[in-house]
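Each chain, letter by letter, is given below.
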Amino acid sequence: MPDDGRVVAGVAAVFREEHGRLLATLVRGFGDLDLAEEVAAEAIEAALVTWPRDGVPRRPGAWLLTTARRKAVDRLRRDRNHAARLALLRADAERAEVVAAPAGDDEDVPDERLRLFFACCHPALPMEARTALTLRCLGGMDTPEVARLFLVPTATMAQRIVRAKRKIRDARIPFRVPAAGELADRLPGVLRVLYLVFTEGYAAGTGTGLQRLDLVDEAVRLTRILLRLLPAEREVAGLLALMLLVDARRDARVDGSGRLVLLADQDRGRWDRALIEEGQTLVVRSLTGGDPGPYAVQAAIAALHVEAAGVETTDWPQIVALYDVLARIEPSPAVELNRAVAVAMRDGPTAGLALLDALRDDPRLRGGHLLPAARADLLRRLGRTDEAAAEYRAALETVGNDAERDFLRTRLDEVTPGS
Amino acid sequence: MMCGTPPRGTDEPEDPVKYMLLIYVPESRTAAPDPAEVGPMMEAYENFNKAVAEAGVWIAGDALHGTDTATTVKVDDGGTRLVTDGPFAETREILGGYYILDVPDLDSALDWAARCPGSQNGGSIELRPLVEFPTG
């Protein structure tokens with residue numbers, strides 16, 4: 001008999017890993033996300049009672065599925081209205097069979113999570129609901145956890161999720177994997193959700209810390225799952241590569257007191273070599289076999305950063321060339337801004353500043369801190385300290401993250417000595 | 001959404017659901033249609049009508065007269081009927097026509113909407129599932 005602590009920890013780990021698979025299989029069978037969620041939760045509860053007593057079963061996934069299926073059948077027997085509603089959705093024999101046949105081995109339980117990815121990330125849902133639903137349904141988080149991650153009250157998040165689930169049900173958003181011909185249209189939407197979860201964690205828009213590592217970890221974990229489900233999709237490999245190559249710098253990005261450390265000043269010995277190697281392999285995979293997608297190009301840029309011994313020896317001409325490619329396949333003011341910064345590294349601050357000046361009237365950058373912060377840095381390097389100070393002040397007005405705010409304030413103090 | 005994507009069935013039998021496709025067009029276009037555009041537009045709609053009929057998803061569909069023919073009725077709490085001239089709200093885009101299609105799910109409805117001329121050339125289509133009231 002194993003001791004309780006170990007078993008409970010084991011149950012938690014299994015739950016986290018199995019929840020998405022379990023839910024996806026149940027949704028496939030019953031066509032009802034609410035019912036699937038309820039009986040999945042009940043099966044987990046049952047596991048928490050019986051596993052510590054009897055030990056973790058040999059095939060935890062199959063055990064959970066069988067238990068959840070029984071609970072669903074019980075519930076439908078008790079609740080005729082619910083059953084009638086499902087009959088309306090035609091829980092036909094073919095579908096019941098999918099759920100009724102928990103295979104002998106976990107490997108035989110088909111992985112239905114891809115359907116769930118495409119439903120949770122459906123373009124008919126608002127973006128904030130897509131990220132929330134993905135973390136909840138595929139990440140196995142409960143609503144308070146998701147709410148904490150996005151720094152909103154639990155009630156707000158609960159309402160967001162309820163509305164999204166209602167739309168899935170009433171507008172009949174399907175739990176289906178797009179056909180090969182549609183994938184090019186739909187996959188970017190799924191990748192965007194995962195990318196947003198990652199960037200929200202990596203450069204937290206609000207809050208006290210610069211990074212919210214739980215979000216970063218979850219984005220990486222979900223992207224790994226997606227790549228296992230779609231191994232031939234090079235942009236999935238590109239996105240995972242990008243995440244790993246950026247995340248490899250996490251320990252060097254903040255100092256002991258949580259302050260932002262710029263790329264130029266980072267201790268490159270603290271970069272995670274294993275993540276870099278994995279990322280580099282994935283970059284090659286994402287760039288091989290045709291025109292690269294936007295995530296592959298961004299990953300290639302990240303790879304050039306981590307491959308250099310220092311900022312001076314970074315291959316800036318190549319980085320500018322990659323930003324040129326990115327600006328062509330996925331134009332955006334953010335890409336132009338980053339390209340201008342790379343040009344400043346290649347040709348000097350004056351050249352970069354001229355490019356940034358051209359972006360000043362872009363309404364999409366207005367109200368954000370990125371453009372004034374970038375201009376401030378180049379003006380500072382040119383010794384135009386008064387103008388730099390004005391831009392630092394402008395950036396400080398809109399920055400939402402405390403670590404970045406501290407950094408900008410430090411720089412402002414440097415260019416306004418004696419103030 | 002690229003147009004011309006062939007609509008396809010789902011990979012499993014589904015209970016069909018009816019969607020209303022509300023076609024919104026810029027007011028200027030309906031007020032004074034460009035004669036050069038009318039012919040191709042009519043032809044595009046004829047092709048679309050043929051496609052939805054052949055796929056067996058068509059339930060209903062009509063074009064509407066302009067908002068200058070619209071009348072709005074509203075009954076207040078006292079039972080008084082308020083009839084006003086014109087559409088409910090002044091907008092740049094007006095409801096120009098509709099389709100009701102019977103398809104398996106939203107993805108399928110979106111495919112049809114993307115093929116419909118009403119979603120092209122500056123127009124847009126709003127999709128709303130029809131409420132199915134239980135019978136009996």
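These lines cover the structure that appears in this document, whether it is placed above or below. (Residues numbered from 1 in each chain as written. Chains lettered and ligands numbered in written order. Predicted model: local features only at pLDDT ≥ 70, side-chain atom pairs only at ≥ 80, totals over all residues. Heavy atoms only, no water.)

### Structural notes on the overall build of chain A
So, point 1. For chain A, the count of helices and strands is 21 helices and zero strands.
So, point 2. The burial tally for chain A puts 52% of its 419 residues in the buried class.
So, point 3. For chain A, long-range pairs separated by at least 24 residues make up 65% of all intrachain contacts whose partners lie at least 6 apart in sequence.
So, point 4. Summed over all atoms, the accessible surface of chain A reaches about 19000 Å², with 52% contributed by carbon and sulfur. (Helix = DSSP H or I, 4+ residues; strand = E, 2+ residues; numbered from the N terminus. Buried < 20%, exposed > 50% of the residue type's maximum accessible area, 1.4 Å probe, protein only. Contact = heavy atoms within 4.5 Å. Areas by Shrake-Rupley, 256 points an atom, 1.4 Å probe, with all protein chains shown as cover.)

### Brief notes about a nonpolar patch on the surface
So, point 1. Together, B:Val73, B:Val75 and B:Val83 make up a nonpolar patch on the protein surface, roughly 280 Å² of accessible area in all.
So, point 2. Mapping B:Val83 onto the fold places it in strand E4 (residues 81-85). (Patch = residues over 30% accessible without salt bridge, like charges linked within 9 Å, V, L, I, M, F, W, Y side chains within 5 Å. Salt bridge = Lys/Arg side-chain N within 4 Å of Asp/Glu carboxyl O.)

### With respect to the nonpolar core
All names here are of chain A.
So, point 1. Leu26, Leu116, Leu135 and Leu226 are the most contacted members of the largest nonpolar core, which has 121 residues in total.
So, point 2. Broken down by element, the residue count for this core peaks at ten residues, all from helix H12 (residues 234-247).
So, point 3. Aside from chain neighbours lying at most four places away, what touches leucine 135 is Gly140, Met141, Val146, Leu149, Phe150, Val197, Leu215, Glu218 and Leu222.
So, point 4. Counting 22 residues, the second largest nonpolar core, distinct from the first, contains Leu337, Ala388, Tyr392 and Val415. (Core = buried A, V, L, I, M, F, W, Y, C linked by side-chain atoms within 4.5 Å.)

### Focus: the pairing of strand E3 (residues 71-75) of chain B
All names here are of chain B.
So, point 1. Note that E3 and E4 share five bridges and pair antiparallel. If you follow threonine 72 over to E4, its bridge partner there is threonine 84.
So, point 2. In sequence, E3 turns back onto E4 through a hairpin of five residues, with glycine 79 there showing a positive phi of about 85°. (Pairing = 2+ DSSP bridges.)

### Things to note about the packing of helix H18 (residues 349-357) of chain A against helix H19 (residues 370-381) of chain A
Residue and element names in this part refer to chain A.
So, point 1. Look at H18 against H19: their axes get within 9 Å of each other, and the N-to-C directions meet at 150°. Looking at the two axes, H18 sits roughly antiparallel to H19. Where H18 crosses over H19, the handedness of that crossing is left-handed. Touching Pro349, Gly352, Leu353, Leu356 and Asp357 of H18 are Leu371, Ala374, Arg375, Leu378, Leu379 and Arg381, all from H19.
So, point 2. Counted by class, the contact of H18 with H19 contains seven nonpolar, one polar and three charged residues. (Axes fitted to C-alpha atoms, helices over the stretch in contact; angles between N-to-C directions. Parallel < 35°, antiparallel > 145°, perpendicular 65-115°, else oblique. Left-handed = near helix turned anticlockwise from the far one by under 90°. Nonpolar A, V, L, I, M, F, W, Y, C, P; charged D, E, K, R; others polar.)

### With respect to the packing of aromatic side chains
All names here are of chain A.
So, point 1. What the rule picks out here adds up to five aromatic pairs over all chains.
So, point 2. Where tryptophan 51 meets tryptophan 63, the ring centres are 5.2 Å apart and the plane angle is 70°; that geometry is what we call edge-to-face. Of this pair, tryptophan 51 sits in helix H2 (residues 33-54) while tryptophan 63 is found in helix H3 (residues 60-78), placing the two residues twelve residues apart along the sequence.
So, point 3. Look at tryptophan 51 and you get buried, because its relative accessible area is 2%.
So, point 4. Accessibility expressed as a relative area gives 25% for tryptophan 63, which makes it partly exposed.
So, point 5. The ring centre of tryptophan 271 lies 6.0 Å from the NZ or CZ of arginine 249, which sits over that ring.
So, point 6. One cation-aromatic arrangement involves arginine 253 over tyrosine 202; the distance from NZ or CZ to the ring centre is 3.7 Å. (Phe/Tyr/Trp six-rings, centres within 6.5 Å; stacked < 30°, edge-to-face > 60°. Lys NZ or Arg CZ within 6 Å of the ring centre and 35° of its normal.)

### Let's talk about the sheet that holds strand E6 (residues 124-129) of chain B
All names here are of chain B.
So, point 1. One open sheet accounts for four strands, arranged E2-E5-E1-E6; its pairing is antiparallel. Each end of this open sheet is capped by a strand with a single partner; those strands are strand E2 (58-63) and E6. Looking at each pair of strands side by side, their axes are set apart by 20° on average, direction ignored.
So, point 2. In the sheet, strand E1 (residues 17-26) pairs with E6 via six bridges, with the strands oriented antiparallel. Residue tyrosine 24 lies in a different strand from E6, and its bridge partner there is serine 124.

### Considering H2(A)
Residues and elements named next belong to chain A.
So, point 1. Over its 22 residues, H2 runs 30 Å from end to end, which matches the ideal 32 Å to within 8%, given 1.5 Å per residue.
So, point 2. Remark: the principal bend of H2, roughly 30°, maps to leucine 48, with a proline, proline 52, within the next four residues.
So, point 3. Where H2 starts, the residue carrying a side-chain oxygen 3.1 Å from the main-chain nitrogen of aspartate 34 turns out to be aspartate 32.
So, point 4. Count one or two residues on from H2 and you reach glycine 55, which has phi positive near 95°. (Expected span 1.5 Å × (residues − 1). Bend = angle between axes of the 7 residues up to and from the residue. Polar contact = N/O pair within 3.5 Å; in protein donor to acceptor, adjacent residues only side chain to side chain.)

### Some points on the layout of surface pockets
Residues and elements named next belong to chain B.
So, point 1. Size it by volume and the second largest pocket reaches roughly 730 Å³.
So, point 2. Along its surface, the second largest pocket is lined by 31 residues, and Met41, Met42, Tyr45, Ala63 and Gly96 are the ones closest to its centre.
So, point 3. When contributions to the lining of the second largest pocket are tallied by element, the ones reaching two or more residues are E1, helix H1 (27-31), helix H2 (35-54), E2 and strand E5 (93-103).
So, point 4. With seven residues, H2 is the largest single contributor of residues to the lining of the second largest pocket.
So, point 5. Partitioning the lining of the second largest pocket into residue classes produces 15 nonpolar, eleven polar and five charged. (1 Å grid on protein atoms, 1.4 Å probe; cavity = no way out; pocket = protein on both sides within 12 Å on 5 of 7 lines; lining within 4 Å. Points joined across faces, edges and corners; volume = space filled by probe spheres on them.)

### Here we look at the environment of A:Gly139
So, point 1. As for its placement among the helices and strands, A:Gly139 is situated in the loop between helix H7 (127-138) and helix H8 (143-149).
So, point 2. Ignoring any residue separated from it by four or fewer positions in sequence, one finds A:Gly139 in contact with A:Arg16, A:Thr134, A:Glu218, A:Arg221 and A:Leu222.

### Some points on the packing of helix H6 (residues 113-120) of chain A against H7(A)
All names here are of chain A.
So, point 1. Axis separation between H6 and H7 bottoms out at 9 Å; the angle between their running directions is 155°. Viewed along their axes, H6 and H7 adopt a mutual orientation that is roughly antiparallel. H6 and H7 meet at a crossing whose hand is right-handed. The residues of H7 that touch H6, namely those facing Arg113, Leu116, Phe117 and Cys120, are Arg130, Leu133, Thr134, Cys137 and Leu138.

### Let's talk about the pattern of salt bridges
Residue and element names in this part refer to chain A.
So, point 1. If you walk through the whole model with that rule in mind, you get 32 salt bridges over all chains.
So, point 2. Its salt-bridge partner being arginine 21, residue aspartate 111 comes within 3.9 Å of it at the nearest N-O pair. With aspartate 111 in the loop between helix H5 (93-100) and H6 and arginine 21 in helix H1 (residues 4-30), the pair connects residues that are 90 residues apart, well separated along the chain.
So, point 3. Judged by relative accessible area, arginine 21 falls into the partly exposed class, the value being 22%.
So, point 4. Note that arginine 250 and aspartate 247 form a salt bridge whose closest N and O atoms lie 2.8 Å from each other.
So, point 5. Arginine 250 sits in the buried class, given a relative accessible area of 17%.
So, point 6. Using a relative accessible area of 8% as the deciding quantity, one classes aspartate 247 as buried.
So, point 7. One network of salt bridges, with partners in common, ties together Asp34, Glu37, Arg136 and Lys165.

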